[in-house]
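Below are the chains, spelled out letter by letter.
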Amino acid sequence: MKFFTHLAFGFLVGLYAIDFFNISQELLFMFFVLVSSIFADIDHPDSKLGRWFKPLGWLFSHRGFFHSLLAVALFAILAYLAWGNQLIIIAILVGYSSHLILDALNHQGIAFLFPLKKLKLKGFLKSGGIADYIMLGVFITLGFLKLTNNIF
Ligand SMILES: [Zn+2]
């Protein structure tokens, strides 16, 4: 899925996570959710984030390690070692997982159990296709409604 679709979905999921986990530092939490929601595409040299870290895109295949449960666990552990803050770890788990869920709907899928590359979660949607833009609109709308307390 596209950059802004990931951000909008991360934002929406982050709003629900704030309620569910009873988060008190909402801005700090949402910052890490949003960064985590786009982080996995650092493995694509032409993605918005990957352009700044091109060598990573050359070293790692797109939708390989960075799009796996192993990466989610590794970055959560690194965050714990770096900050020791439970809130940041939850934010990373929420944001990163939101990215993988959306990419699993894509026809290319993700090797979520990397390094087992053959076992893929995949859907039928095309990144940048009409469904991508419809989802972007839906996520923005639901995020706005959630933010203004018009939906649960
Ligand atoms: Zn991705």
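Residues numbered from 1 in each chain as written. Predicted model: local features only at pLDDT ≥ 70, side-chain atom pairs only at ≥ 80, totals over all residues. Heavy atoms only, no water.

(A) The arrangement of the side chain of Asp 103 in detail. Residue placement: Asp 103 occurs in helix H5 (residues 86-104). Setting aside its immediate chain neighbours within four residues, Asp 103 contacts Met 1, His 6, Asp 41, Arg 63, His 67, Gly 109 and Ile 110. (Helix = DSSP H or I, 4+ residues; strand = E, 2+ residues; numbered from the N terminus. Contact = heavy atoms within 4.5 Å.)

(B) Spotlight on a nonpolar patch on the surface. A contiguous nonpolar patch, built from Leu 74, Ile 77, Leu 78, Tyr 80 and Leu 81 and spanning about 520 Å² of accessible area, is present on the exposed surface. Considering the arrangement of structural elements, one finds Leu 78 in helix H4 (residues 69-83). (Patch = residues over 30% accessible without salt bridge, like charges linked within 9 Å, V, L, I, M, F, W, Y side chains within 5 Å. Areas by Shrake-Rupley, 256 points an atom, 1.4 Å probe, with all protein chains shown as cover. Salt bridge = Lys/Arg side-chain N within 4 Å of Asp/Glu carboxyl O.)

(C) Molecular detail of the layout of surface pockets. Each pocket or cavity is described by its volume, and for the largest pocket that value is around 410 Å³. In this structure, the largest pocket is lined by 21 residues; those nearest its centre are Met 1, Lys 2, Phe 3, Asp 41 and Ser 47. Looking at the lining of the largest pocket, the elements with two or more residues in it are helix H1 (3-20) and helix H6 (130-147). If one sorts the elements of the lining of the largest pocket by residue count, H1 sits on top with four residues. Split into classes, the residues belonging to the lining of the largest pocket amount to seven nonpolar, seven polar and seven charged. Surrounding the second largest pocket, Phe 31, Phe 32, Val 35, Ser 36, Phe 39, Phe 75, Leu 78, Ala 79, Ala 82, Trp 83, Ile 92 and Tyr 96 form its lining. At the level of secondary structure, the elements contributing two or more residues to the lining of the second largest pocket comprise helix H2 (26-39), H4 and H5. Looking at the lining of the second largest pocket residue by residue, the classes come out as 11 nonpolar, one polar and no charged. (1 Å grid on protein atoms, 1.4 Å probe; cavity = no way out; pocket = protein on both sides within 12 Å on 5 of 7 lines; lining within 4 Å. Points joined across faces, edges and corners; volume = space filled by probe spheres on them. Nonpolar A, V, L, I, M, F, W, Y, C, P; charged D, E, K, R; others polar.)

(D) Summary view of the packing of aromatic side chains. Scanning the entire structure with this criterion turns up 14 aromatic pairs. Their ring planes at 70 degrees and their centres at 5.2 Å tell us that Phe 32 and Trp 83 sit as a pair that is edge-to-face. Residue Phe 32 is found in helix H2, and its partner Trp 83 is found in helix H4; the two are separated by 51 residues along the sequence. Its guanidinium or amino end placed over the ring of Phe 3, Lys 48 lies 5.7 Å from that ring's centre, counting from NZ or CZ. (Phe/Tyr/Trp six-rings, centres within 6.5 Å; stacked < 30°, edge-to-face > 60°. Lys NZ or Arg CZ within 6 Å of the ring centre and 35° of its normal.)

(E) A look at the coordination of the zinc ion. The protein atoms donating to the zinc ion are Asp 41 (OD), His 67 (NE2), His 99 (NE2) and Asp 103 (OD), with metal-donor distances spanning 1.9 to 2.2 Å. Of note is the zinc ion, whose four donor atoms meet at the metal with angles of 89 to 169 degrees in an arrangement that counts as irregular. When the donors of the zinc ion are listed by position in the chain, the intervening gaps give D-x25-H-x31-H-x3-D. Linking Asp 41 in the loop between H2 and helix H3 (54-59) with His 99 in helix H5, this pair joins segments that are 58 residues apart in sequence. Of the residues examined, Asp 41 reaches a relative accessible area of 13% and is grouped as buried. The buried category is assigned to His 99, whose relative accessible area is 0%. (Donors = N, O, S within 2.8 Å, 3.2 Å for Na, K, Ca; no water. Tetrahedral: all angles 85-135°; square planar, octahedral: opposite > 155°, others 65-115°. Buried < 20%, exposed > 50% of the residue type's maximum accessible area, 1.4 Å probe, protein only.)

(F) Expanded view of the pattern of salt bridges. A complete count under the given rule lists three salt bridges for this structure. One salt bridge connects Asp 46 with Lys 54, and the closest N-O pair in it is separated by 3.8 Å. On the accessibility criterion, Lys 54 (30% relative accessible area) is partly exposed. The partner of Arg 63 in a salt bridge is Asp 103, and the shortest N-O contact between them spans 3.5 Å. Highlighted residues: Arg 63 in the loop between H3 and H4 and Asp 103 in helix H5, separated in sequence by 40 residues. Here Arg 63 falls in the buried class, since its relative accessible area comes to 8%. Exposure remark for Asp 103: the relative accessible area of 0% places this residue in the buried category.

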